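Spelled out, the chains give:
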Amino acid sequence: REIERRREEAYRQETARIEAEVERRRREEEQRIRKEEQERIRREKEIVSVREELRSARQGLKCLEEGKRKFPRMDLDCNGSFMIGTRDSVIERVRKNVSFYERRLGELGASE
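Residues numbered from 1 in each chain as written. Predicted model: local features only at pLDDT ≥ 70, side-chain atom pairs only at ≥ 80, totals over all residues. Heavy atoms only, no water.

K.L.:
Residue-level account of the packing of helix 1 (residues 2-70) against helix 2 (residues 87-107), with values.
P.N.:
The contact between helix 1 and helix 2 brings their axes to 9 Å, and the two run at 155°. Relative to helix 2, helix 1 is oriented roughly antiparallel. In terms of crossing hand, the pair formed by helix 1 and helix 2 is left-handed. The residue makeup of the contact of helix 1 with helix 2, split by class, is twelve nonpolar, one polar and eleven charged. (Axes fitted to C-alpha atoms, helices over the stretch in contact; angles between N-to-C directions. Helix = DSSP H or I, 4+ residues; strand = E, 2+ residues; numbered from the N terminus. Parallel < 35°, antiparallel > 145°, perpendicular 65-115°, else oblique. Left-handed = near helix turned anticlockwise from the far one by under 90°. Nonpolar A, V, L, I, M, F, W, Y, C, P; charged D, E, K, R; others polar.)

K.L.:
Run through the packing of aromatic side chains, naming residues and quoting values.
P.N.:
Per the stated rule, a full pass over the model turns up one aromatic pair. Ring centres of Phe100 and Tyr101 lie 5.4 Å apart, and the angle between their planes is 65°; this geometry places the pair in the edge-to-face category. Taking relative accessible area as the criterion, Phe100 reaches 43% and is therefore assigned partly exposed. (Phe/Tyr/Trp six-rings, centres within 6.5 Å; stacked < 30°, edge-to-face > 60°. Buried < 20%, exposed > 50% of the residue type's maximum accessible area, 1.4 Å probe, protein only.)

K.L.:
Help me get a handle on the pattern of salt bridges, residues and values and all.
P.N.:
For the coordinates displayed, the defined rule picks out 23 salt bridges. Its salt-bridge partner being Arg17, residue Glu14 comes within 2.6 Å of it at the nearest N-O pair. Linking Glu14 with Arg17, this pair stays in helix 1, spanning three residues, or about one helical turn. Note that Arg40 and Glu37 form a salt bridge whose closest N and O atoms lie 2.3 Å from each other. Separated by three residues within a single helix, Arg40 and Glu37 lie in helix 1, roughly one turn from each other. (Salt bridge = Lys/Arg side-chain N within 4 Å of Asp/Glu carboxyl O.)

K.L.:
Summarise the side chain of Arg87; cite the residues concerned and give the values.
P.N.:
With respect to the element layout, Arg87 can be found in helix 2. One buried charge, Arg87, has no salt-bridge partner; the nearest side chain with opposite charge is Asp75, at 4.3 Å. A distance of 3.1 Å separates the side chain of Arg87 from the backbone oxygen of Phe71, its partner in a polar contact. (Lys, Arg positive; Asp, Glu negative; His and termini not counted. Polar contact = N/O pair within 3.5 Å; in protein donor to acceptor, adjacent residues only side chain to side chain.)

What follows is the structure in structure tokens.
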């Protein structure tokens, strides 16, 4: 009788231990999935942001280059607005920004 009671107690303890381990692993898996989802969302937001920055930089570059054609003797953009610094230095800086954003999209695994 005592041996049977001990076996049942050992069985209950082992069952409780296994259930606790299963629950621990389930929680860990849920946590891992949540983290992956948060990272995916963060990455998607960054991609949207970088694409918007790239679009804006390309528009600015287009305007600067158009201004260079329209107003070859003056440092003006396509709207006839003056800029800080020489137009060529601004164009170079904007080109570097475009390259940076294109590279960043590549690093994020996003196509343009």
